[in-house]
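Examination of the molecular architecture
Here are the chains, one letter per residue:
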Amino acid sequence: MRDWNDVVATGLALPGVVLGTSYGKPALLLRGKMLAATTAPDRASFVLHVALIEKEVLIETDPATFWETDHYRGWPAVLVRYGTDADARIALLLDRAWWDRASITQRRTRGERP
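Notes on the structure follow. All chains use their own residue numbering, which begins from 1 and follows the written sequence. Totals for whole chains, interfaces and linings use all residues, but because this is a predicted model, local features are given only for residues with pLDDT of at least 70 and pairs of side-chain atoms are given and counted only at 80 or more. For the side-chain quantities, the full set of heavy atoms in the structure was used; hydrogens and water were omitted.

This part takes up the packing of aromatic side chains. Ring geometry is summarised as follows: Phe, Tyr and Trp rings, the Trp one being its six-membered ring, pair when their centres sit within 6.5 Å, and such pairs are stacked at plane angles under 30 degrees, edge-to-face over 60 and tilted between the two. Under the counting rule described, the total for this entry stands at two aromatic pairs. Pairwise contacts between aromatic rings join Trp4, Phe46 and Tyr82 into one cluster. By the criterion adopted, a ring carries a charge over it if an Arg CZ or a Lys NZ lies within 6 Å of its centre and within 35 degrees of its normal. One residue, Arg107, lies across the ring of Trp99, its end atom 4.1 Å from the ring centre.

In terms of strand pairing, strand β1 (residues 18-22) meets strand β2 (residues 25-30) through five bridges, oriented antiparallel. Within β2, the position partnered with Ser22 by the bridge is Lys25. The pairing criterion is simple: DSSP has to find at least two bridges between the two strands. Each helix is a run of H or I in the DSSP string that is no shorter than four residues. Each strand is a run of E no shorter than two, and both are numbered from the N terminus. Hairpin connection from β1 to β2: two residues lie between these consecutive antiparallel strands, with Tyr23 at a positive phi of about 55°.

Among buried residues, those of type Ala, Val, Leu, Ile, Met, Phe, Trp, Tyr and Cys that are joined through side-chain atoms within 4.5 Å constitute a nonpolar core. Working definition: with a 1.4 Å probe on protein chains only, accessible area under 20% of the residue-type maximum means buried, over 50% means exposed, and in between means partly exposed. Among the nonpolar cores identified, the biggest contains 26 residues, and Trp4, Val7, Leu28, Ala36, Phe46 and Leu48 are the most heavily contacted of them. Contributions of two or more residues to this core are made by α1 (4-12), β2, β3 (33-37), β4 (45-49), β6 (77-81) and α3 (87-101). In terms of residue count, the dominant contributor to this core is α3 (six residues). The contact criterion used is simple: two residues touch if any of their non-hydrogen atoms lie within 4.5 Å. What Ala36 contacts, discounting residues up to four positions off in sequence, is Trp4, Val7, Ala27, Leu28, Phe46, Val47, Leu48 and Leu94. Judged by nonpolar contacts, the second largest core, of ten residues, contains Met34, Ala40, Val47 and Leu79.

Between the first and last residue of a helix there are one fewer steps than residues, each counted as 1.5 Å, and that sum is the expected span. When the terminal C-alpha atoms of α3 are compared, their 21 Å separation across 15 residues agrees well with the 21 Å that a helix rising 1.5 Å per residue should span. Burial in α3 covers these residues: Ile90, Leu93, Leu94, Asp95, Ala97, Trp98 and Trp99.

Here the focus is the pairing of β4. Of all five residues in β4, five are buried, a share of seventy percent or more. Residues Ser45, Val47 and His49 of β4 are buried on one face, and the alternating residues Phe46 and Leu48, pointing to the opposite face, are buried as well. Inspection of the sheet shows β3 paired to β4 by two bridges, in the antiparallel sense. Along β4, the bridge assignment pairs Ala36 with Leu48.

Laid out in structure tokens, this is it:
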């Protein structure tokens, strides 16, 4: 993902995702819940909703892409740097974020968590 526009294009391809705001900044939302947002403390990154158990693995296996600050420690969100070669992984994580925020009906329609 080169920039926020790439994140938006990937996110809006998912069912029901809309462009909105989180803390007054652009965000991708599903059912009013944040999937990704531009609220990162560094303009070269964005925030992505992830399961806490996945967050540790992401940061350990690809610290050039995934990171956190003390503010995000213990929260189901990771900071993601733009411009890395992790596009496919980030797209998968957006799909998982969608599934985590989806209704039961939406989950049934799409199938198992990616």
